[in-house]
Structure formats: C-alpha cells, structure tokens
Amino acid sequence: MAEPTRTLRTTLSKIQGLGAAHAGTEHFWRQRLTAIANLILIIAFVGILLAAGGRDYATAVAIVSHPAASIVLLLLVISVAIHMRIGMTVVIEDYVHDKGMKLAAVILNTFFAAAVAAAALFAILKLGLGRVV
Amino acid sequence: MSEVRARAPGAGVEQARPLSPHLQIYRWTWTMAMSVVHRITGCALYGGTLLVVWWLVALAAGPGPYATVQWVMNSILGRLVLIGFTWALFHHMLGGIRHFIWDLGYGFEREARMNLARFTLFGSLALTVVVWVIALALA
C-alpha cells in the first residue's frame, strides 16, 4: 500500500485554489467589469455634459437633477472610482519600489478615490433629491 | 551599455550583467506607444476626476460657485484642459476596447495590431473633434 501524498495545504486552501498570494483574479475581473460599465456610462455622461455644460445655472441644475441623469451619474462615479483605484494601484506597484513609500501611496490612492467618490455622490444626491418637481 | 551594471549580491564588486532593456533602449513601435499612452491617459483621467467633482459640487453649491467654474472652463486655458481631458477620455476608452478585443482572443496578428493601434489614436482624435464641434454648436 502506497503512502498517501502528504501536504501542508489545508482542505480549505485547496478548494479555494488561491495559493500563497491569497488572491486570485478579482482585480483583473473587476477592472474589466467596471471598464464595460464605464464605456456605457461615459457615453451617457458625455451626453449629459453636452446638454448641461454651457447652459445657465437653472437649466444645468434641471438637467443634472433629472432622475435619469442622477442615476447615470451615481453609477458612473461608483464604477469610475473602483476602476481608477485599481488602475493607480497597478501603476504604484510598478514604479514605487520603496516598501514604505509604496504602502503610503497605495493608502493615499484609496483615500483619493473614496474622497472623489464621496464628494461627487453627495453633490449628485443633493441635486437629485433637492429637485422640486 | 557600460552604464548598465548590477551589483552581485554580497560580493561588493561591480559586475557587468545583462539587464532587460528599458524604454530608452527599445525602438518605439505603434503598439508600444499606444500602450504607454493608455497608462498616461489613465493617470491624467485620475487627476481629471477632480474637475468633474468641482463641476458637480459647484452645481450643488449654488449659482455663485457655478459661475466661477463656468468662468474657468470658458477661459482659453480651461478650454485647452477640457479638450485634453476629452481626448484622454476617448483615447483611454478606445484603448480599453482594444484590450477587450485582445481579451477575447482576437487582433494579435501584425496587421490587426497595427490597425488597432492606429484606431486608438485617430479614433480618439476624431471623437474629440466631433464632441467639441457639437459642444460649440450648442453653446
């Protein structure tokens, strides 16, 4: 009777199939998923900008606060924030070699994406929810 | 190549070792240039989100702050930045479509690669012109 193959890998680790990095293809997949979303949403966003961009204040508010425009903008901000955070993380990992600097840059990158998203979402919600009719 | 040297670990002596070439050594190609530009436009758009946030926050804040944004965006410098932003957006978008085509397993042949690279550059320039012609016609 042959000795069964011995391994230090736990059964949980085996079925997860992630290896030593403890991560798989989530970043790759999320970057593609948000890219598809961005592609659709950016086309709508360009339309909103063309309609509202050069107009007077009241008209611009009326366009941006329209439920359809607000929903497009909310989705766009979320998708873009996730996409740009992953993208900049890759850039930082490629060019910042010092461990401490790399960690700081990756943290600041997350903070920047979160701050940009929060400010934009707050403004969109204020306009959309503040709409009278 | 004498300046390309690496230190042998622990040896304390400089030894000439072959290193992989860097950007300054490679001959520039279309596909390589578009790849680099994809990354640069991505970084530019990252900073450019601040412009979008500024516009949205000003719109939510009231007519005063909105008038300031309008004034800056309508200035010559503002216009140039916005046109650059538009081009970066379209270049990154078309570069993304190029990546989708590759992800699906197509477009790796020499001709297809070249056509996709040219499509990214000329397509983004064309889309920028189209959008700004519409924008200025509406204004």
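Residues numbered from 1 in each chain as written. Chains lettered and ligands numbered in written order. Predicted model: local features only at pLDDT ≥ 70, side-chain atom pairs only at ≥ 80, totals over all residues. Heavy atoms only, no water.

The next point concerns the overall build of chain B. On a plain count of helices and strands, chain B comes out with four helices and two strands. Taken from N to C terminus, the helices and strands of chain B fall in the order β-β-α-α-α-α. Evaluated residue by residue, chain B yields a buried proportion of 35% over its 139 residues. Pairs at least 24 residues apart make up 61% of the contacts formed inside chain B by residues separated by at least 6 positions. (Helix = DSSP H or I, 4+ residues; strand = E, 2+ residues; numbered from the N terminus. Buried < 20%, exposed > 50% of the residue type's maximum accessible area, 1.4 Å probe, protein only. Contact = heavy atoms within 4.5 Å.)

Another aspect to go through is the interface of chain B and chain A. Chain B puts 28 residues into the contact, and the matching count from chain A is 38 residues. Here chain B meets chain A over a buried area of about 2,700 Å², counting both sides, of which 78% is carbon and sulfur. On the surface where chain B and chain A come into contact, there are two salt bridges. One salt bridge connects Asp94 of chain A with Arg39 of chain B, and the closest N-O pair in it is separated by 2.7 Å. (Buried area = accessible area lost by both parts, 1.4 Å probe. Salt bridge = Lys/Arg side-chain N within 4 Å of Asp/Glu carboxyl O.)

The next thing to look at is the UniProt feature "binding site: heme" (unreviewed entry) in chain B. Within the UniProt annotation, "binding site: heme" (unreviewed entry) is assigned to His92 of chain B. Here His92 of chain B shows up in helix H3 (residues 76–103). The class for His92 of chain B is buried, based on a relative accessible area of 19%. Non-local contacts of His92 of chain B, meaning those with residues more than four positions away in its chain, are made with His83 of chain A together with His38, Thr41, Gly42 and Leu45 of chain B. (UniProt positions renumbered as here; feature names shortened; annotations may be inferred.)

Take the UniProt feature "transmembrane region" (unreviewed entry) in chain A next. All names here are of chain A. The positions UniProt marks with the feature "transmembrane region" (unreviewed entry) are residues 35–54, 60–82 and 103–125. Annotation note: span residues 60–82, helix share 91%, strand share 0%, distance between end C-alpha atoms 27 Å. For the annotated span residues 103–125, helix accounts for 100% and strand for 0% of the residues, and the straight-line distance between the end C-alpha atoms is 33 Å.

Residues and elements named next belong to chain B. Mapped onto the present numbering, the UniProt feature "transmembrane region" (unreviewed entry) falls on residues 36–56, 76–95 and 116–138. Taken as a whole, residues 76–95 contains 100% helix and 0% strand, while its terminal C-alpha atoms sit 28 Å from one another. Here residues 116–138 runs as 100% helix and 0% strand, with 32 Å between its end C-alpha atoms.

Let us look at H3 of chain B. For H3 of chain B, built from 28 residues, the straight-helix expectation of 40 Å at 1.5 Å per residue is met to within 8% by its first-to-last C-alpha distance of 40 Å. Directly beyond the C-terminal end of H3 of chain B, a positive phi value near 95° is found at Gly105 of chain B. (Expected span 1.5 Å × (residues − 1).)

Residue and element names in this part refer to chain A. Taken N-terminus to C-terminus, the directions of helix H2 (residues 26–52) and helix H4 (residues 67–95) make an angle of 140°; their axes are 8 Å apart at the nearest point. Judged by the angle between their axes, H2 and H4 are oblique. Between H2 and H4 lies a crossing whose hand is left-handed. Across the interface between the two elements, His27, Arg30, Gln31, Thr34, Ala35, Ala37, Asn38, Leu41, Ile42, Ala44, Phe45 and Ile48 of H2 pack against Ala69, Val72, Leu73, Leu75, Leu76, Ser79, Val80, Ile82, His83, Ile86 and Gly87 of H4. Here the residues of the contact of H2 with H4 are counted per class, giving 15 nonpolar, seven polar and one charged. (Axes fitted to C-alpha atoms, helices over the stretch in contact; angles between N-to-C directions. Parallel < 35°, antiparallel > 145°, perpendicular 65-115°, else oblique. Left-handed = near helix turned anticlockwise from the far one by under 90°. Nonpolar A, V, L, I, M, F, W, Y, C, P; charged D, E, K, R; others polar.)

In this section: a nonpolar patch on the surface. Residues and elements named next belong to chain A. There is a patch of nonpolar side chains on the surface, built from Leu103, Ile107, Leu108 and Phe111 and spanning about 430 Å² of accessible area. By secondary structure assignment, the location of Leu103 is in helix H5 (residues 99–129). For Leu103, a relative accessible area of 56% gives the class exposed. (Patch = residues over 30% accessible without salt bridge, like charges linked within 9 Å, V, L, I, M, F, W, Y side chains within 5 Å. Areas by Shrake-Rupley, 256 points an atom, 1.4 Å probe, with all protein chains shown as cover.)

Attention shifts here to the nonpolar core. Ranked by size, the top nonpolar core spans 46 residues in total, and within it Ile42, Val64 and Leu73 of chain A together with Trp55, Leu56 and Leu59 of chain B carry the most contacts. If you list the elements that add at least two residues to this core, you get H2, helix H3 (57–64), H4 and H5 of chain A together with helix H1 (30–61), helix H2 (63–74), H3 and helix H4 (110–138) of chain B. Setting aside residues up to four positions removed in sequence, Val64 of chain A forms contacts with Ile48, Ala52, Ala69, Ser70, Leu73 and Leu127 of chain A together with Trp55, Leu56 and Leu59 of chain B. (Core = buried A, V, L, I, M, F, W, Y, C linked by side-chain atoms within 4.5 Å.)

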